[in-house]
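Below, each chain spelled out in residue letters.
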Amino acid sequence: MTKNIYVLAEHRKGHLRDITWEAIAAGRDLAAKFGTELACILLGSEVDAMAEKLSRECSKVLVVDDPIFETFNSEAYTKALAAILQGRCPFILLMGNSNSVLDLAPGLSVVLDAALATDCAAFQVLDGRLTALRQMYSYKVNALISFKDAERVCATLRVGAFSYSPAGGPTGTIERLDSPLGHEPLRKRFLNYVEAEKGDIDVAGADIIVSVGRGIGDEPDMELFEMLADAMGGVLACSRPIVDKSLLPKYHQVGTSGVEVKPKVYLALGISGAFQHLGGIKGSPVIIAINKDARAPIFRVAQFGVVADMYQIVPLLTEKIAEIKG
Amino acid sequence: MEIVVCVKWRPDTSEADLTIGSGGKDIKKDGLDYDINEWDRFAIEEAVQIKEKMGGKVTVVSVAPEDAEEMLRETLARGADEAFQLWDDAFEGSDGYAVARILANFIKARPYDLILTGTLADDDCGGQVGGMLAALLGIPSSTLVSKIEVRDGKIRFNRELEGGLYEAVDMDLPAVVSVATGLNEPRFVSIRAVRKVASAEIPTVGLEDIGLDEAQVGPSGSRILIENVSMPPEGEGAEIIRGAVEEVAARLAEVLKEKGGIR
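The structure presented is a predicted model; accordingly, all values stated were derived computationally and were not measured. (Residues numbered from 1 in each chain as written. Chains lettered and ligands numbered in written order. Predicted model: local features only at pLDDT ≥ 70, side-chain atom pairs only at ≥ 80, totals over all residues.)

### A closer look at helix H3 (residues 74-85) of chain A
A turn of α-helix holds 3.6 residues, and therefore any two residues three or four places apart point the same way.
All names here are of chain A.
Phase 1 of the analysis: Relative to the 16 Å expected for 12 residues at 1.5 Å per residue, H3 spans 16 Å between its end C-alpha atoms, a close match to the ideal helical length.
Phase 2 of the analysis: Taken across its 12 residues, H3 has 9 buried, putting it largely inside the fold.
Phase 3 of the analysis: Of all the positions in H3, only Ser74, Glu75, Ala76, Tyr77, Thr78, Lys79, Ala80, Leu81 and Leu85 are classed as buried.
Phase 4 of the analysis: Its buried side turned inward, H3 meets strand E4 (38-44), strand E5 (60-65), strand E6 (91-96), helix H4 (99-112) and strand E13 (188-194). (Helix = DSSP H or I, 4+ residues; strand = E, 2+ residues; numbered from the N terminus. Expected span 1.5 Å × (residues − 1). Buried ≥ 20, exposed ≤ 12 C-beta atoms within 10 Å, placed from the backbone. Contact = placed C-beta atoms within 7 Å.)

### Digging into the sheet that holds strand E9 (residues 129-136) of chain A
Phase 1 of the analysis: The strand order across the open sheet formed by 4 strands is E8(A)-E9(A)-E10(A)-E12(B), and the pairing between neighbours is antiparallel. For this open sheet the edge positions go to strand E8 (122-126) of chain A together with strand E12 (224-230) of chain B, each flanked by a neighbour on one side alone. Between one strand and the next, the sheet's axes are offset by a mean angle of 30°, whatever the strand orientation.
Phase 2 of the analysis: Pairing analysis gives 5 bridges linking E8 of chain A to E9 of chain A, with the strands arranged antiparallel. (Pairing = 2+ DSSP bridges. Axes fitted to C-alpha atoms, helices over the stretch in contact; angles between N-to-C directions.)

### Here we look at the packing of helix H5 (residues 222-232) of chain A against helix H9 (residues 310-325) of chain A
Residue and element names in this part refer to chain A.
Phase 1 of the analysis: Where H5 contacts H9, the axes come no closer than 9 Å and their chain directions differ by 25°. With respect to their mutual orientation, H5 and H9 come out roughly parallel. For the pair H5 and H9, the sense of crossing is left-handed. Across the interface between the two elements, Leu224, Phe225, Met227, Leu228, Ala231 and Met232 of H5 pack against Val314, Pro315, Leu317, Thr318, Ile321 and Ala322 of H9.
Phase 2 of the analysis: Looking at the contact of H5 with H9, its residues break down into 11 nonpolar, 1 polar and no charged. (Parallel < 35°, antiparallel > 145°, perpendicular 65-115°, else oblique. Left-handed = near helix turned anticlockwise from the far one by under 90°. Nonpolar A, V, L, I, M, F, W, Y, C, P; charged D, E, K, R; others polar.)

### A closer look at the confidence of the model for chain B
Phase 1 of the analysis: With 99% of its residues at a pLDDT of at least 70, chain B reaches an overall mean of 95.
Phase 2 of the analysis: For this predicted complex, the interface score ipTM comes out at 0.94, while the overall pTM is 0.92. (pLDDT = per-residue confidence, 0-100.)

### With respect to the pairing of E4 of chain A
Residue and element names in this part refer to chain A.
Phase 1 of the analysis: Counting buried residues in E4 gives 7 out of 7 residues, a clear majority hidden from the surface.
Phase 2 of the analysis: Because side chains alternate across E4, one face comprises the buried residues Leu38, Cys40, Leu42 and Gly44, and the other comprises Ala39, Ile41 and Leu43, equally buried.
Phase 3 of the analysis: Looking at chain direction, strand E1 (residues 4-8) and E4 are connected through 4 bridges and run parallel. Looking at E4, one finds that Val7 is bridged to Cys40.
Phase 4 of the analysis: The pairing of E4 with E5 spans 6 bridges and is parallel. Its bridge partner being in E5, Cys40 is matched across the sheet by Val61.
Phase 5 of the analysis: In this fold, the crossover linking E4 to E5 by way of helix H2 (residues 48-55) has right-handed handedness. (Right-handed = clockwise from strand over helix to strand, strands pointing away.)

### Considerations on the sheet that holds strand E17 (residues 286-291) of chain A
Phase 1 of the analysis: Pairing within the open sheet is parallel, and its 6 strands lie in the order E15(A)-E14(A)-E16(A)-E17(A)-E18(A)-E13(B). The open sheet has two free edges, formed respectively by strand E15 (235-238) of chain A together with strand E13 (239-240) of chain B, since each of these has just one partner strand.
Phase 2 of the analysis: Pairing of E17 of chain A with strand E18 (residues 304-307) of chain A involves 4 bridges; the strand directions are parallel. Opposite Ala289 of chain A, over in E18 of chain A, you have Gly305 of chain A as the bridge partner.
Phase 3 of the analysis: Of the strands in this sheet, strand E14 (208-212), E15 and strand E16 (265-269) of chain A touch H5 of chain A, which is tilted by about 170° from E14 of chain A.

### Considering the interface of chain A and chain B
Phase 1 of the analysis: Listed as interface residues are 83 residues of chain A and, on the opposing side, 75 residues of chain B.
Phase 2 of the analysis: Looking at the side of chain A that touches chain B, its residues break down into 42 nonpolar, 21 polar and 20 charged.

### Quick look at the domain arrangement of chain A
Residue and element names in this part refer to chain A.
Phase 1 of the analysis: According to the domain assignment, chain A consists of domain 1 (4-177) and domain 2 (208-325).
Phase 2 of the analysis: The interface of domain 1 with domain 2 comprises 7 residues on the first partner and 9 residues on the second.
Phase 3 of the analysis: Of the residues assigned to the side of domain 1 that touches domain 2, the class counts are 2 nonpolar, 3 polar and 2 charged. (Domains from an automatic or database assignment.)

### A word on the nonpolar core
Phase 1 of the analysis: Counting 141 residues, the largest nonpolar core has Cys40, Leu42 and Leu94 of chain A together with Val5, Ile102, Leu103 and Leu133 of chain B as its most contacted members.
Phase 2 of the analysis: Residues in contact with Leu103 of chain B, not counting those within four places in the same chain, are Cys6, Val61, Val63 and Leu133 of chain B.
Phase 3 of the analysis: In this structure, Met232, Leu269, Ile288 and Met310 of chain A belong to the second largest nonpolar core, which totals 53 residues. (Core = buried A, V, L, I, M, F, W, Y, C linked by C-beta atoms within 7 Å.)

### Regarding the pairing of strand E10 (residues 141-147) of chain A
All names here are of chain A.
Phase 1 of the analysis: Only one face of E10 is covered, namely the one carrying Val141, Ala143, Ile145 and Phe147; the face carrying Asn142, Leu144 and Ser146 has none of its residues buried.
Phase 2 of the analysis: With 6 bridges connecting them, E9 and E10 associate as antiparallel partners. Bridged to Leu133 within E10 is Leu144.
Phase 3 of the analysis: As consecutive antiparallel partners, E9 and E10 are separated by 4 residues, and within that stretch Tyr137 has a phi angle of approximately 55°, a positive value.

### What to know about the environment of Ala150 of chain A
Residues and elements named next belong to chain A.
Phase 1 of the analysis: Inspection of the secondary structure assignment puts Ala150 in the loop between E10 and strand E11 (152-157).
Phase 2 of the analysis: Residues Ala150 and Pro90, spaced 60 residues apart in sequence, show a C-alpha to C-alpha distance of 7.7 Å.
Phase 3 of the analysis: Setting aside residues up to four positions removed in sequence, Ala150 forms contacts with Arg129 and Leu130.

### Here we look at the packing of H9 of chain A against helix H6 (residues 245-258) of chain B
Phase 1 of the analysis: Axis separation between H9 of chain A and H6 of chain B bottoms out at 8 Å; the angle between their running directions is 50°. As far as their axial angle goes, H6 of chain B and H9 of chain A are oblique. Note that H9 of chain A runs across H6 of chain B; the crossing there is right-handed. Facing Gln312, Ile313, Leu316, Leu317, Lys320, Ile321 and Ile324 of chain A of H9 of chain A, the residues of H6 of chain B in contact are Val245, Glu246, Val248, Ala249, Ala250, Leu252, Ala253, Leu256 and Lys257 of chain B.

Here you go:
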């Protein structure tokens, strides 16, 4: 039986999110490997323009137009996707590993009786069998996984792992489906967006960033890192654990759930380099990492690395910079 | 308010040097320190804070072997009222789905208004159990949750989206809420609190007690198979600056200057 490959389109505030195109890239590749075509599922409200845009990249776009889909409500999404996919076995459903999908994928997989692999960075098809590459153990170990029953598979895709190039092929068909949502009230309701708190420093616009992470220890000497940032003429930023410990306010946090930065130089101190953090620094031309763990994923994206104890190297570095500046 | 908190016992791999085990399907775990999953620590604190405000009871459950008893005892010292260890040798090797099924079968036979978990565990980095548990119980769920308010049979909270954006959400109880790290500050545990729970009973609940059979748990009840694990190459991409600390600092300062990192 032909495998049906679907991609879920994700949108926010009236715009398709980039991860949709990345998922389409992954989906097109899988469709070619299984000798089938790619279909995209778009759940939205007044989304003709989006459907049209998607139809230029996929053979088919399935559209459900319902005001409830103006925002991403995982309960409404689950009901609709379950209704759409129930009769379309065998299927592979690809979704971005976004914060919205984090609310959707696990429950949906249970309702669909499907296997779920989250945060996949690559796929391979060996003898018609689907395998996925993902990471485990603080994102330090690669794991190749497979699915016990490949008839129903849901997979979420690592943000940034699949690069998109427009197909520019002939336009696909757009198929409109009646909304499968009944009148039963939802038990989960979106209220409003809450914008990020603005701070007294602009991390997003900084050219030089010194960023600290978990590796600076449980009771870090923050002054030491501030002095280094001052000496370099840069700003101090951080990864999530530092904000969680209230050592710096949230607007210093770099990463997918914090600020995305594009400095000339990003000096990462004690940052292991979980993908959520790397998602925020992919625009930095020069990343320099100091970490005592030689296996830290940050060294895979850095141009220069030092494997050392932060508290030995940082005071000396601050001194050397002062010497250079005279 | 009946609050159930699900916690995970896992090896702390954040700073550890990891090597692949002999079967090639997992890392070597004997030398690693095990502890409560970081995210779940915040879930315990949140449960205890809600109880302190509204009254009720906090029950902690973990699908974890014998060694995890110390973790469960610590949750009692942190203010939980009772703890259950769900374990049977057949549970070994369960994936996220099988773990969710074990939890669901235990929880469904008990009273619950709110089930709290961490959003993610840093060993398998799956982020699946909370949402699967909710679906198995037929109740709503959400992840990356902070700023929780419980009122009139509902729970209101903010959940994290990308780029510093949040969404305010309102959900009917009962529900599964998977918390974000940093939503509270987990308390320090006093020696007095630890002594008070030193002899508290932590029952172990096995396969038959929760009405499952061997085919539904462990590898046979799992949907995902690990084919192999491998270490990505060390320092791929990065030029590692080596030498005595003085030399390294001097070289680093030069690199910074050259790349525009000193102004």
